[in-house]
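Analysis of the macromolecular model
So you can see what is in the structure, the chains are spelled out below.
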Amino acid sequence: MRLNLAPVCRPQQWKPLLTGGTARRSYAFQSGSLNFEVFNRRAKWLQKERAAANVEEGRQADYLKDEVAMRVCERLLDVKRQFPRVLDLGANSCNIARALLRPNPDPESEPPVTDPLATKITELVAAESSHSLLHRDHDHPSLSTAHVPDFKLSRHVLEHDELLPFEPETFDMVLSSMSMHWINDLPGVLSQINSVLKPDCPFIGAMLGGDTLYELRTSLQLAEQERKGGISPHVSPLADVRDVGGLLQRTGFKMLTVDVEDIVVDYPDMFALMQDLQAMGEGNAVLGREMGPIGRDVLLAGDAIYRALHGNEDGSIPATFRIIHMIGWKESPDQAKPLRRGSGQASLKDLLEGQ
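Below, the structure is looked at part by part. As the structure is a computational prediction, the values presented were derived from the model and not from experiment. (Residues numbered from 1 in each chain as written. Predicted model: local features only at pLDDT ≥ 70, side-chain atom pairs only at ≥ 80, totals over all residues. Heavy atoms only, no water.)

Bringing the packing of helix 9 (residues 270-280) against helix 10 (residues 296-310) into the picture now. Orientation of helix 9 relative to helix 10, taken along the N-to-C sense of each, is 110 degrees, at an axis distance of 9 Å. In terms of their interaxial angle, helix 9 and helix 10 are classed as roughly perpendicular. Mapping the contact onto sequence places Met270, Phe271, Leu273 and Met274 in helix 9 and Leu299, Leu300, Gly302, Asp303 and Tyr306 in helix 10. In terms of residue class, the contact of helix 9 with helix 10 is made up of 7 nonpolar, 1 polar and 1 charged. (Axes fitted to C-alpha atoms, helices over the stretch in contact; angles between N-to-C directions. Helix = DSSP H or I, 4+ residues; strand = E, 2+ residues; numbered from the N terminus. Parallel < 35°, antiparallel > 145°, perpendicular 65-115°, else oblique. Contact = heavy atoms within 4.5 Å. Nonpolar A, V, L, I, M, F, W, Y, C, P; charged D, E, K, R; others polar.)

This is how it looks when you write it as structure tokens:
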């Protein structure tokens, strides 16, 4: 998918804002407490608070999170059941709630789906560590529940975004969109999600991963190598799709579905991209990162390299956001299970050849 967008803000003094790249983040699954950290949790919290302080700029920069939230919620079109209590983990500015309340979620289907997906849910608990971001749009029309009177949106501020303060088997579904790529202990959080789910209930999530923003990463690295003779750690390590499937399986989820899609957004220049990342609250929060702004000479060289290597014919530049979608179900005794290997009575080869 490709989106054509104008810059949200005017250029200013740029700070390290690279959200991700092809640096691969690997996980060794283990039980027990977290013994390492990749991201500075307080720095990420401050970035979200600052992004929420500029309300209009933040709303304009929500295009990516709103788009991914809608794609996450579209998975509910295939689930024919009601969900009395649902958790939105890492709610940001309640993008999931906004997508659920959107009318006509699937107008092209037969018959068209015109009722908001929120009609499938009784209560949505939006959990987020940043109070300002969570409550930024509390009075915005897009979060009005007047047209879905049986739907309740409640907000919960997390003291620690990697510790879920909920009792086991509390929720009928857990949703998460565009927040889990900042989790240090991803296996631990997935285990907690599995714990708070009721049996035979789903977790549906989406996170940045893989080659996200590889164009920006390579351009800044080449510019820094040219101007400074070395490379600073501006890249946040992101999970690979191969890791995610294994983690879901090891944390107890069944009937897994993991897929990847790229959303390509066009920007006028590299500075507009970096400004939008800052307005999204998606700045670099890697521990040990170089503090302070990136030098002007490096930025100018980076913009020129970006255009030369990746630029479009119309003068704009593309930025690729790789989204990893995941679905897993909590195990239940009465859950559908695959038959024993070799027990099939029909040959798939014969079926395909007969078409």
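Read on for the rest.
Attention now moves to the nonpolar core. The biggest cluster of nonpolar side chains holds 62 residues, and the ones touching the most others in it are Leu100, Leu216, Tyr267, Met270, Leu273 and Phe321. With 8 residues, helix 9 is the single largest residue contributor to this core. Residues Phe166, Ile193, Ala239 and Leu247 belong to the second largest nonpolar core, which totals 27 residues. (Core = buried A, V, L, I, M, F, W, Y, C linked by side-chain atoms within 4.5 Å. Buried < 20%, exposed > 50% of the residue type's maximum accessible area, 1.4 Å probe, protein only.)

Let us look at the side chain of Glu128. Relative to the helices and strands, Glu128 is located in strand 4 (residues 121-128). For Glu128, a relative accessible area of 1% gives the class buried. In this structure the side chain of Glu128 is engaged in a polar contact, spanning 3.1 Å, whose partner is the backbone nitrogen of Ser130. (Polar contact = N/O pair within 3.5 Å; in protein donor to acceptor, adjacent residues only side chain to side chain.)

Below, the discussion takes up the layout of surface pockets. The computed volume of the second largest pocket comes to approximately 240 Å³. As for the second largest pocket, its lining consists of 17 residues, of which Arg41, Lys48, Glu128, Ser129 and Asp161 are closest to the centre. Of all the secondary-structure elements, those providing two or more residues to the lining of the second largest pocket are helix 1 (41-53) and strand 4. The element contributing the most residues to the lining of the second largest pocket is helix 1, with 5 residues. (1 Å grid on protein atoms, 1.4 Å probe; cavity = no way out; pocket = protein on both sides within 12 Å on 5 of 7 lines; lining within 4 Å. Points joined across faces, edges and corners; volume = space filled by probe spheres on them.)

All right, on to empty space enclosed by the protein then. As enumerated under the stated definition, the model contains 3 cavities of 30 Å³ or more in all. The computed volume of the largest cavity comes to approximately 50 Å³. Lining the largest cavity, in full, are Ala51, Ala52, Asp62, Lys65, Asn92, Ser93, Asn95, Leu133, Arg136, Ala279 and Met280. When contributions to the lining of the largest cavity are tallied by element, the ones reaching two or more residues are helix 1 and helix 9. Looking at the lining of the largest cavity residue by residue, the classes come out as 5 nonpolar, 3 polar and 3 charged.

Along the polypeptide, Asn95 turns up in helix 4 (residues 95-100). Judged by its relative accessible area of 5%, Asn95 is buried. Residue contacts for Asn95: discarding those within four places in its chain leaves Asp62, Lys65, Asp66 and Ala69. Here the side chain of Asn95 touches Asp66 through a polar contact of 2.8 Å, side chain to side chain.

Taken together, the side chains of Leu348, Leu351 and Leu352 define a hydrophobic patch exposed on the protein surface, amounting to about 330 Å² of accessible area. Position of Leu352 among the secondary structure elements: in helix 11 (residues 348-353). (Patch = residues over 30% accessible without salt bridge, like charges linked within 9 Å, V, L, I, M, F, W, Y side chains within 5 Å. Areas by Shrake-Rupley, 256 points an atom, 1.4 Å probe, with all protein chains shown as cover. Salt bridge = Lys/Arg side-chain N within 4 Å of Asp/Glu carboxyl O.)

Right, let's talk about the packing of aromatic side chains for a bit. Evaluation of the coordinates by the stated rule reveals 3 aromatic pairs. Between Phe203 and Phe253, the ring centres sit 5.9 Å apart and the planes meet at 40 degrees, which makes this aromatic pair tilted. Taken together, the residues span a long stretch of sequence, with Phe203 in strand 7 (residues 202-208) and Phe253 in strand 9 (residues 253-267) at a distance of 50 residues. Accessibility classification places Phe203 together with Phe253 in one group, the buried group. Sitting over the ring of Trp182, Lys44 keeps its end group 3.7 Å from the ring centre. (Phe/Tyr/Trp six-rings, centres within 6.5 Å; stacked < 30°, edge-to-face > 60°. Lys NZ or Arg CZ within 6 Å of the ring centre and 35° of its normal.)

The exposure class assigned to Phe253 is buried, which follows from its relative accessible area of 1%. Leaving out residues up to four positions away in the same chain, Phe253 has contacts with Leu190, Ile193, Asn194, Leu197, Phe203, Leu248, Gly328, Trp329 and Lys330.

In this structure, Glu49 sits in helix 1. Buried charge without a partner: Glu49 forms no salt bridge, and the closest opposite charge is Lys48, 9.0 Å away. Beyond its immediate chain neighbours, meaning those up to four positions away, Glu49 contacts Ser130, His131, Ser132 and Leu133. (Lys, Arg positive; Asp, Glu negative; His and termini not counted.)

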